[in-house]
Amino acid sequence: MFRHGPPRPPWRAGAPPPFPYPPPPYGTVPYFGAVAAVRHPPPYPRAVQLQSVTAVNSDAELNLIASLLPHYTYVTVDTEYPGTVHRPAAGKRDSDLTADERYALLRANADELPIVQLGVTLCDEHGNLPVVLDYATGLHAERAWEFNFSDFDVASHRHAPQSVEFLRSQGIDFERARRCGVNSAAFADKLSAILAAPRGANAAELTWVAFGGAYDLAYLVKMLGGGQPLPETREGFVARVRELLGGRVFDAKYMAEHCGRGDLRGVGLRSVAANLGVPRPIVEPPCLAGPKSLTACRIHTVLRMHVLPQDAVAGYEGIIDGLQ
């Protein structure tokens with residue numbers, strides 16, 4: 001079950017962020033329903049503000065994330081990128097490849113294609129998201145983030161046209177992202193400083209989570225590594241993930257596939273969420289990095305707290321789906 005207490009007071013991260021504050025692309029998204037095992041569901045609907053981040057508010061939102069990390073040590077990420085241009089040889093499916101062959105394709109694609117979006121959702125050990133004050137509206141809400149990057153240029157970068165069209169259909173404006181998006185190198189410098197900063201003697205180590213997270217972690221490593229090529233081997237890649245991110249790493253898709261429940265095998269993010277009874281939004285948001293990181297966060301919370309035996313969870317650490 002999710003453990004809900006009374007809403008926390010907002011965590012204030014110093015001075016208010018600068019204005020004008022760009023509106024979140026989905027506003028405040030109310031969630032309804034409760035996990036089947038919940039004994040004491042909250043008496044109010046949860047509202048999650050999916051905060052759009054561009055160059056205007058990137059520093060302010062990263063400062064806020066930095067102030068929250070000592071208390072919300074689970075960091076779930078999801079990425080969007082312009083598809084894949086390196087694929088299995090003709091006649092081969094991804095399932096036919098070895099883990100080393102899958103990593104070689106991932107490396108080729110992530111090294112060549114820029115990131116488009118990064119979704120970030122924080123939670124504590126009980127699955128509670130931070131409740132913060134939106135200075136633009138004066139309202140408190142749980143918050144997740146969607147960073148929009150300026151690196152990708154449709155006109156000059158190779159990409160998979162069908163993937164780019166899908167992202168457009170979900171609301172991404174690539175031309176606006178080029179003008180107003182976050183520079184990935186500047187983002188990486190700031191995030192690296194945040195991760196290197198001491199978080200207090202009693203702070204728990206960070207736990208990084210993704211769902212089918214090979215590409216998500218690859219793009220994080222690529223950015224934090226200064227844009228350098230990914231390691232040549234998957235073992236080197238996993239070591240690089242640990243080095244740059246620190247803490248523990250879990251892939252919620254691998255956990256779902258191997259937890260013993262047949263209804264969680266061979267299905268995607270939304271089906272896993274539905275089969276676990278994860279609360280869904282009243283209005284389905286676009287299939288982009290912010291909402292997907294939020295769903296992945298909730299999937300991981302249910303798996304580690306209510307599906308898997310407590311003494312079994314640690315056995316999934318460091319295993320990335322498709323690269324095991």
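Up top is the structure.
Notes on the structure follow. Being a predicted model, the structure only gives us computed values, none of them experimental.

1. Examining the overall build of the chain
And step 1. If you tally the helices and strands in the chain, you get 10 helices and nine strands.
And step 2. Within the chain, buried positions represent 50% of all 324 residues.
And step 3. A separation of at least 24 residues holds for 80% of the contacts in the chain among residues at least 6 apart in sequence.
And step 4. Here the chain has roughly 14200 Å² of accessible surface; of this, 55% comes from carbon and sulfur atoms.

2. Digging into the side chain of Ser150
And step 1. One can find Ser150 in the loop between β6 (139-148) and α3 (161-169).
And step 2. The buried category is assigned to Ser150, whose relative accessible area is 14%.

3. Remarks on the pattern of salt bridges
And step 1. As enumerated under the stated definition, the model contains 16 salt bridges in all.
And step 2. With its nearest N and O atoms 3.8 Å apart, the salt bridge here joins Glu101 to Lys92.
And step 3. The class for Lys92 is partly exposed, based on a relative accessible area of 38%.
And step 4. Linking Arg168 and Glu165 is a salt bridge whose minimum nitrogen-to-oxygen distance equals 2.9 Å.

4. Structural notes on the packing of aromatic side chains
And step 1. According to the stated counting rule, one finds seven aromatic pairs in the structure shown.
And step 2. Seen in terms of ring centroids, Tyr254 and Tyr316 are 6.1 Å apart; in terms of plane orientation they differ by 65°. Their pairing is edge-to-face. One end of the pair, Tyr254, is in helix α8 (residues 252-257); the other, Tyr316, is in the segment after α10 (289-307), with 62 residues separating them in the sequence. There is no split in this pair, since Tyr254 and Tyr316 are both buried.
And step 3. Through pairs of rings, three or more aromatic residues link up here, namely Tyr81, Tyr215 and Tyr219.
And step 4. We note Arg304 situated over the ring of Tyr74; from NZ or CZ to the ring centre the distance is 4.1 Å.

5. Quick word on the nonpolar core
And step 1. Counting 46 residues, the largest nonpolar core has Leu118, Leu122, Trp145, Phe147, Phe187 and Phe237 as the members making the most contacts within it.
And step 2. Among the elements that line this core, the one with the most residues is helix α6 (residues 214-224), at nine residues.
And step 3. Not counting residues within four places of it along the chain, the set of residues in contact with Phe147 comprises Val53, Ser58, Leu62, Ile65, Val116, Gln117, Leu118, Val120 and Phe187.
And step 4. Of all hydrophobic cores here, the second largest spans 21 residues; its members include Val209, Tyr254, Ile299 and Leu308.

About the criteria used
- Residues numbered from 1 in each chain as written.
- Predicted model: local features only at pLDDT ≥ 70, side-chain atom pairs only at ≥ 80, totals over all residues.
- Heavy atoms only, no water.
- Helix = DSSP H or I, 4+ residues; strand = E, 2+ residues; numbered from the N terminus.
- Buried < 20%, exposed > 50% of the residue type's maximum accessible area, 1.4 Å probe, protein only.
- Contact = heavy atoms within 4.5 Å.
- Areas by Shrake-Rupley, 256 points an atom, 1.4 Å probe, with all protein chains shown as cover.
- Salt bridge = Lys/Arg side-chain N within 4 Å of Asp/Glu carboxyl O.
- Phe/Tyr/Trp six-rings, centres within 6.5 Å; stacked < 30°, edge-to-face > 60°.
- Lys NZ or Arg CZ within 6 Å of the ring centre and 35° of its normal.
- Core = buried A, V, L, I, M, F, W, Y, C linked by side-chain atoms within 4.5 Å.

The analysis is restricted to geometry; functional conclusions fall outside its scope.
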